[in-house]
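Structural overview
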Amino acid sequence: MNAMLMRRFTIVCLITALFGMGLAILVAEASRPSHDWQDNRPFACGTQPSGACVPAARW
């Protein structure tokens, strides 16, 4: 009887921990700043006639 109770308690604790970690991931992703990353570049790329990539002007 006691072993069954410990097993259930362990399962409930593991499920609660997994739910907590999932919730923490969602909160962390929502609070990240959104940058204008395009094509693995941390800025908007202005095209030049020579094909060079320069950062676009920021407002």
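This one's a predicted model, so the numbers in the text were calculated from it and none came from an experiment.

Turning our eyes to something else, we now look at the overall build of the protein chain. The number of helices and strands found in the protein chain is one helix and two strands. Reading the helices (α) and strands (β) of the protein chain from amino to carboxyl end gives α-β-β. Accessible surface, the protein chain as shown: approximately 5,700 Å² in total, 68% of it carbon and sulfur.

Within the protein chain, residue pLDDT values average 76, and 51% of them lie at 70 or more. Ranking the elements of the protein chain by mean pLDDT puts strand β1 (residues 45–47) last, at 59, and helix α1 (residues 2–30) first, at 93.

The rules behind each value
Chains are numbered independently. Their residues run from 1 in the order of the written sequence. Thresholds applied to this predicted model are a pLDDT of at least 70 for local features of residues and 80 or more for the giving and counting of side-chain atom pairs; totals over whole chains, interfaces and linings are not thresholded and use all residues. Heavy atoms from the whole structure form the basis of all side-chain values; hydrogens and water molecules are not counted. Runs of E in the DSSP output that reach at least two residues are strands. Runs of H or I that reach at least four are helices, and both are numbered from the N terminus. Each accessible area is a Shrake-Rupley estimate made with a 1.4 Å probe; only the visible protein chains count as cover when residues are assessed. Per residue, pLDDT captures the predictor's confidence, and it can take any value from 0 to 100.

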